[in-house]
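Reading the structure
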Amino acid sequence: MIIQICVGSSCHLKGSEKIIELFQKAVAENDLQNEVTLAGSFCTGKCNRVGVTVSVEDNVYTGITPGNFNEFFKDKVLDPISKERG
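One structure accompanies this document, and this report is about it. None of these values were measured; they are calculated from a predicted model.

Thresholds, definitions, all that
- Residues numbered from 1 in each chain as written.
- Predicted model: local features only at pLDDT ≥ 70, side-chain atom pairs only at ≥ 80, totals over all residues.
- Heavy atoms only, no water.
- Salt bridge = Lys/Arg side-chain N within 4 Å of Asp/Glu carboxyl O.
- Helix = DSSP H or I, 4+ residues; strand = E, 2+ residues; numbered from the N terminus.
- Buried < 20%, exposed > 50% of the residue type's maximum accessible area, 1.4 Å probe, protein only.
- Contact = heavy atoms within 4.5 Å.
- Core = buried A, V, L, I, M, F, W, Y, C linked by side-chain atoms within 4.5 Å.

1. Considerations on the pattern of salt bridges
- Enumeration according to the criterion identifies three salt bridges in this entry.
- Of the charged contacts in the structure, one is a salt bridge between K25 and E29, with a shortest N-O distance of 3.9 Å. You can see K25 and its partner E29 sitting in helix α2 (residues 16-29), four residues apart, about one turn around the helix.
- Between R85 and E35 there is a salt bridge, with its nearest N and O atoms 2.3 Å apart. With R85 in helix α3 (residues 69-85) and E35 in the loop between α2 and β2 (37-41), the pair connects residues that are 50 residues apart, well separated along the chain.
- What makes R85 exposed here is its relative accessible area of 53%.

What follows is the structure in structure tokens.
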């Protein structure tokens, strides 16, 4: 699974560095290093007033914040990987 976190100027100002840290921690805590690739991306053109833009397997999500990160990670990363594993 490829996850791209926008590091463009708008998302940078809205905390992309913190979102990257949260992803790194969550991937390590769930032992997903061999299943998840984290990457930075430049602006995807989907800027939102709040939060950071994140792409998961080419699906673009806006408004990711530290406050909604855990729910996002569970719904968009953990649950799909669990389904893949069967």
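2. Comments concerning the environment of C6
- As for its position among the elements, C6 is in strand β1 (residues 2-6).
- As for C6 and T44, which are separated by 38 residues in sequence, their C-alpha atoms are 7.3 Å apart.
- Discounting chain neighbours no more than four positions away, the residues touching C6 are C11, S16, S41, F42, C43, V52 and T53.

3. Some thoughts on the nonpolar core
- With 21 residues, the main nonpolar core has I3, I19, F23, V54, F73 and V77 as its most contacted residues.
- When contributions to this core are tallied by element, the ones reaching two or more residues are β1, α2, β3 (52-56) and α3.
- Not counting residues up to four positions away in its chain, the partners in contact with V54 are I3, Q4, I5, I19, F23, N59, V60, Y61, I64 and F72.

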